[in-house]
Amino acid sequence: MKIPGYNNIKIKISFVCFFLTAFTEGSFSQKHILSLKDVLNLVQLGQPQLQSYRELTTAAKYNIGLAKNTLVPDLTAGYQAGYTTFNNITGMSYPGLMMPITGPPSSTNSYSPVPGTALAALFQWTPLTFGQRQAAIDKASAQFQLAGSNYDKELFKQEFTCITTYLGLIYLKKLLESQQANLERTKVSLQQSLVLAKEGLRPGLDTVQFQSTLAQAEMDRLNTQRLYYAQMLELQRLTGLTGAPENFELSDSLLAAELPTIPDTAGGYIQNPDYKYYQAQVAVSAANLKEIEHAWRPKLDIWANAYARGSGVEANGTIDKSYGWSLSRNNLGAGLQLSIPILQFSKVNIQKKQYRSLLDADMSQLAQISINLQKQIETAQSNYQQNLLVAGQAPVLSKAARYAYEGLKLSYSNGLVDFTRLTLGQYQLLNAEVMEANANLQVWISLLDIAVSKGDLKIFTNQLK
């Protein structure tokens, strides 16, 4: 039987080993390119917790085999030897396969030690359980599906976390680029102010103010860089990669400058891992109820045994210790046994009511998750459309801010505007560049929300180039 959740694992071991080696060995003097699809592949093997869920799923699978194995007959054999008192050589209490039996009676107490032996074989088979065995198999199968759904849900959660972490890195990278460009603009303005101050066209105070602005711009860039490295370390934790965060380069950073195409809105939420998990939980509760409903049914057992014993005491009370080591008395037996737990009816009836309530509770949970997911899809689709409109205006804003800054820079060099107006225009340009990147990423995040609500990350990943 195929293990649920393993359908998502499509990584060839050779590829993974090579890819991980490429990140953990060799020189880190060059950048290692890391795409969004790469991290989604690596997260499946980079989290020991996911391995734990896989093993729990495998363990649950064996319960199906154990339930089916009850159809296999049981044959137990045993041999025992003892050296005990004359009184009851084979009637001593001894736990295990053989029941205590009574040997030759003794008219008086005699503590003379004599040997006694016994050999037995017991065959037992339960071919008919009137539905109890099948109920146990169905319950084990449902628990197996639930374990697989739990793995799927956790994997989906980790993949979503990886994507959001990667998108956060793209935003911080774009912010770093804009801050670096702003830093360069400030350096140019500082050099210009030095020249203009020397020529007496601008006050010397402007130079000091530009130096302060330059220091502030550098501090902002360093703070953003710190956040970027922290976010990269989190991505490494999720994927199991090692190395210094500055040695990794994002290959999908153009997401901050491009917009996805309009997604296909067809389809519902039935593939969502949360929905499938609660669906599997309902199946487990239904299987539990079925098992309880069959618990009061009879069982048909087929049994057979063979037994031989030897006693050092003869029937007339004489002692012959040599007979104690020989199996001189033999017995055979076979038969059918039909059993039904008559007095368990009341207990089973109470349990059935209990498990019906548990099943109703799980069905209500499934109904609630259905409502929640449907609303999540509607909200995500609405946010996507609205964010798309915002992203359409962002280039207009950044273009106007760039033209305004260029005009202010020229006016400043001609003495028409002061330091405050120029730096305000420079700040507005930086803010517009960052807002444009953020607006584009918000569209991608809305697309991701649609994919998550529907339980299909391909809606998002198929848009990657």
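Residues numbered from 1 in each chain as written. Predicted model: local features only at pLDDT ≥ 70, side-chain atom pairs only at ≥ 80, totals over all residues. Heavy atoms only, no water.

Section: the overall build of the chain
- On a plain count of helices and strands, the chain comes out with nine helices and six strands.
- Surface accessibility of the chain: about 25200 Å² in total, with carbon and sulfur atoms responsible for 58%. (Helix = DSSP H or I, 4+ residues; strand = E, 2+ residues; numbered from the N terminus. Areas by Shrake-Rupley, 256 points an atom, 1.4 Å probe, with all protein chains shown as cover.)

A look at the sheet that holds strand β2 (residues 74-85)
- Pairing within the open sheet is antiparallel, and its four strands lie in the order β2-β3-β5-β6. The two strands at the open ends of the sheet, each matched to only one other strand, are β2 and β6 (329-339). Averaged over neighbouring strand pairs, the angle between their axes works out to 15 degrees when direction is ignored.
- Across eleven bridges, strand β3 (residues 113-128) lies against strand β5 (residues 299-311) in antiparallel orientation. Opposite Ala-118, over in β5, you have Arg-309 as the bridge partner. (Pairing = 2+ DSSP bridges. Axes fitted to C-alpha atoms, helices over the stretch in contact; angles between N-to-C directions.)

Side note on the packing of aromatic side chains
- On inspection of all chains with the given rule, the structure shows seven aromatic pairs.
- Aromatic pair Phe-210 and Phe-419: ring centres 4.8 Å apart, planes at 85 degrees, arrangement edge-to-face. You can see Phe-210 sitting in helix α5 (residues 204-239) and its partner Phe-419 sitting in helix α8 (residues 419-454), a full 209 residues away along the chain. Like Phe-419, Phe-210 is buried.
- Through successive ring pairs, a cluster of aromatic residues spans Phe-210, Tyr-412 and Phe-419.
- A cation sits over an aromatic face here: Lys-153 above Tyr-277, 3.9 Å from the ring centre. (Phe/Tyr/Trp six-rings, centres within 6.5 Å; stacked < 30°, edge-to-face > 60°. Buried < 20%, exposed > 50% of the residue type's maximum accessible area, 1.4 Å probe, protein only. Lys NZ or Arg CZ within 6 Å of the ring centre and 35° of its normal.)

Topic: helix α2 (residues 36-46)
- Most of α2 is tucked away: eight of the eleven residues are buried.
- Burial in α2 covers these residues: Leu-36, Asp-38, Val-39, Leu-40, Leu-42, Val-43, Gln-44 and Gly-46.

Structural notes on the pairing of β3
- Bridge count for β2 against β3 is twelve bridges, and the pairing is antiparallel. Within β3, the residue paired with Thr-85 across the bridge is Pro-113.

Comments concerning the confidence of the model for the chain
- Of all residues in the chain, 87% have pLDDT values of 70 or greater, and the mean over the chain is 85.
- Per-element confidence in the chain ranges from a low mean pLDDT of 41 for helix α1 (residues 13-24) to a high of 95 for helix α6 (residues 273-293).
- Counting interchain partners and residues more than four positions distant, the pLDDT-below-50 stretch residues 1-28 has 49 contacts. (pLDDT = per-residue confidence, 0-100. Contact = heavy atoms within 4.5 Å.)

Some remarks on the packing of α6 against helix α7 (residues 345-413)
- Following both chains from N to C, one finds α6 and α7 inclined at 165 degrees, their axes separated by 9 Å at the closest point. Considered as vectors, α6 and α7 are oriented roughly antiparallel to each other. The chirality of how α6 crosses α7 is left-handed.
- When the residues that make up the contact of α6 with α7 are grouped by side-chain class, the tally is 14 nonpolar, seven polar and five charged. (Parallel < 35°, antiparallel > 145°, perpendicular 65-115°, else oblique. Left-handed = near helix turned anticlockwise from the far one by under 90°. Nonpolar A, V, L, I, M, F, W, Y, C, P; charged D, E, K, R; others polar.)

So, the pattern of salt bridges
- For the structure shown, the criterion picks out eleven salt bridges.
- In this structure, the salt-bridge partner of Glu-291 is Lys-139, at a minimum N-O distance of 3.0 Å. Here Glu-291, found in helix α6, pairs with Lys-139, found in helix α4 (residues 132-198); they are 152 residues apart in sequence, far enough to count as distant.
- The salt bridge involving Glu-293 is made with Arg-356; its shortest N-O contact spans 3.7 Å. A residue pair is termed long-range when its members are at least 10 positions apart, and Glu-293 in helix α6 and Arg-356 in helix α7 qualify at 63 residues.
- The exposure class assigned to Glu-293 is partly exposed, which follows from its relative accessible area of 33%.
- Through salt bridges with shared partners, a single ionic network connects Arg-185, Arg-402 and Glu-433. (Salt bridge = Lys/Arg side-chain N within 4 Å of Asp/Glu carboxyl O.)

Quick notes on unusual backbone geometry
- The phi angle at Phe-130 is positive, at roughly 55 degrees, despite the residue not being glycine.
- Here Phe-130 lies in the loop between β3 and α4.

Notes on the environment of Leu-430
- Inspection of the secondary structure puts Leu-430 in helix α8.
- The class for Leu-430 is buried, based on a relative accessible area of 15%.
- As a C-alpha pair, Leu-430 and Gln-180 span 250 residues in sequence and 10.0 Å in three-dimensional space.

Considerations on the environment of Thr-57
- Along the polypeptide, Thr-57 turns up in helix α3 (residues 48-68).
- Classification of Thr-57 as buried rests on a relative accessible area of 0%.
- Each C-alpha atom, one on Thr-57 and one on Leu-146, is 8.4 Å from the other, the two residues being 89 residues apart in sequence.

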